[in-house]
Amino acid sequence: MLDSLDRTISLIAPAKINLALHVTGLRDDGYHLLDSLVVFAAFGDRVSVKRAPVDSFDMSGPFGRKLPGDESNLVLRARDALRARFPKHTTPAVIHLEKHLPVASGIGGGSSDAAATLRALTALWGIEAEPAQLAKIGLTLGADVPMCLQGQPLFARGIGEDIERLATFPRLPMVLANNGVSISTPQVFAALERRDNPALPALPALSSIKDVCAYLTATDNHLFSATTKLIPAISETVGALHQTAARFVRMSGSGGTCFAIYDSDSEAQTAATALKQSKPDWFVVATNSVMEGADLGPHR
Ligand code: C5P
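Basis of the calculations
- Residues numbered from 1 in each chain as written.
- Predicted model: local features only at pLDDT ≥ 70, side-chain atom pairs only at ≥ 80, totals over all residues.
- Heavy atoms only, no water.
- Helix = DSSP H or I, 4+ residues; strand = E, 2+ residues; numbered from the N terminus.
- Rg over C-alpha atoms; globule rule 2.2 N^0.38 Å.
- Buried < 20%, exposed > 50% of the residue type's maximum accessible area, 1.4 Å probe, protein only.
- Areas by Shrake-Rupley, 256 points an atom, 1.4 Å probe, with all protein chains shown as cover.
- Lys, Arg positive; Asp, Glu negative; His and termini not counted.
- Charge placed at Lys NZ, Arg CZ, Asp CG, Glu CD.
- Pairing = 2+ DSSP bridges.
- Core = buried A, V, L, I, M, F, W, Y, C linked by side-chain atoms within 4.5 Å.
- Contact = heavy atoms within 4.5 Å.
- Domains from an automatic or database assignment.
- Buried area = accessible area lost by both parts, 1.4 Å probe.
- Salt bridge = Lys/Arg side-chain N within 4 Å of Asp/Glu carboxyl O.
- Polar contact = N/O pair within 3.5 Å; in protein donor to acceptor, adjacent residues only side chain to side chain.

**Quick word on the overall build of the chain**
- Looking only at helices and strands, the chain has ten helices and ten strands in total.
- Expected size for 300 residues packed as a compact globule is a radius of gyration near 19 Å; at 19 Å, the chain falls within 12% of this value.
- Seen along its three principal axes, the alpha-carbon backbone of the chain occupies a region of about 55 × 45 × 35 Å.
- Considering the chain as a whole, with its 300 residues, one finds that 52% of them fall into the buried category.
- Counting every atom, the chain has about 13,200 Å² of accessible surface; 53% of that belongs to carbon and sulfur.
- In the chain, the 28 positive side-chain charges and the 30 negative ones have mean positions that sit 2 Å from each other.

**Some thoughts on unusual backbone geometry**
- A cis amide bond links Gly255 to the next residue, Gly256, at an omega of 0°.
- Mapping Gly256 onto the fold places it in the loop between β8 (248-251) and β9 (258-261).
- In this structure, Ala104 is a non-glycine residue whose phi angle is positive, near 50°.
- Mapped onto the elements, Ala104 comes out in the loop between β4 (93-98) and α3 (109-124).
- You can call Ala104 partly exposed: its relative accessible area is 38%.

**What about the pairing of strand β6 (residues 162-165)?**
- Pairing of strand β5 (residues 154-157) with β6, which is carried by four bridges, proceeds in the antiparallel orientation. The residue bridging Ala156 from the neighbouring strand is Ile163, located in β6.
- Taking the residues that link successive antiparallel strands as the turn, the β5-β6 hairpin has four residues, and the phi of Gly158 there is positive, at about 65°.

**Quick notes on the nonpolar core**
- Ranked by size, the top nonpolar core spans 38 residues in total, and within it Val49, Leu82, Leu118, Leu121 and Leu141 carry the most contacts.
- Counting only elements with at least two residues in this core, the list comes to β1 (8-26), β2 (32-51), α2 (74-85), β4, α3, α4 (131-141), α5 (145-150) and β5.
- Counting residues per element, this core draws most heavily on α3, which supplies seven residues.
- When neighbours within four sequence positions are excluded, Leu82 is seen to be in contact with Leu118, Leu121, Thr122, Trp125, Ile127, Leu134 and Ile137.

**As for the domain arrangement of the chain**
- Domains assigned within the chain are domain 1 (8-165) and domain 2 (173-290).
- Taking both partners together, domain 1 and domain 2 bury about 2,700 Å²; carbon and sulfur atoms supply 67% of that area.
- Sorting the residues of domain 1 by area buried against domain 2 places Leu19, His22 and Val23 first, and these three jointly supply 22% of that buried surface.
- Applying the counting rule to domain 1 against domain 2 returns zero salt bridges.

**Some thoughts on the environment of Ser252**
- With respect to the secondary-structure elements, Ser252 resides in the loop between β8 and β9.
- On the basis of relative accessibility, which here comes to 1%, the residue Ser252 falls in the buried class.
- With residues near it in sequence (within four places) discarded, Ser252 still touches Lys16, Ile17, Asn18, Gly106, Ile107, Asn221, Thr257, Cys258 and Phe259.
- One polar contact links the side chain of Ser252 to the main-chain amide nitrogen of Asn18, over a distance of 3.1 Å.

In structure tokens form, the structure reads like this:
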């Protein structure tokens, strides 16, 4: 008994990487229609939840001081949205967020934290929610939250909520790099010059890293030129990754985190080590894409 009441549920909130992102239209409510090929990294934040006499929330980790700890935090917004939908099941909880992902950086940190909070509290509170119910709650918190609830390779359409999971996908050794600039996603979308670009090409069978990179060369991140117009320094991150043995380099989401894909984990590791040496102030991490959300926990 003590065990189940005392248990801590701890989940990784993985980095979300837009391998390709095409902006294909604009909805009447101002949200953009997208086509995006998305993977999740083995690296991310960590959300831990536990029953407690009263609610509390705190943060730690390298980027833990960069976020507000108040009700505007996506972790607390996720808790409150879940509680509002399932009021009978909820008890007070202590929530801890270990923040390893740079804030406002195009790899979905806040959305992934919200998704991990929904999953962790659902488990803690014994809520038997259908995945579609959680996705619906998630979408009220952010357009990327439904995809972050999946945590596996996927193709997203609509504003990001229309999700097709990919049954197979090569494991990609990667480096993520960010030069420390925070970027406002709404400002990037507002700075777009075109909103009626072609859809992503249909996905062929992708069975190797080479196949993925060949597909990506025929695609784009349509937010890149708008981001570089606002923050020219992003080009420096792309340039630095191109100096390594990368097979493919691109910015994720609205930036400024950029990713590089390598043929092997050791090449990714070597590139990350060299980049950390030359740019000690940057966020640089060697990681890989994951196939299953299950790879990410829970650890109890
Ligand atoms: O949904 P989320 O809060 O993450 O989005 C942040 C902002 O990014 C939105 O307020 C909107 O300005 C912009 N956005 C968009 N189209 C999308 C997703 C986000 O215009 N598909």
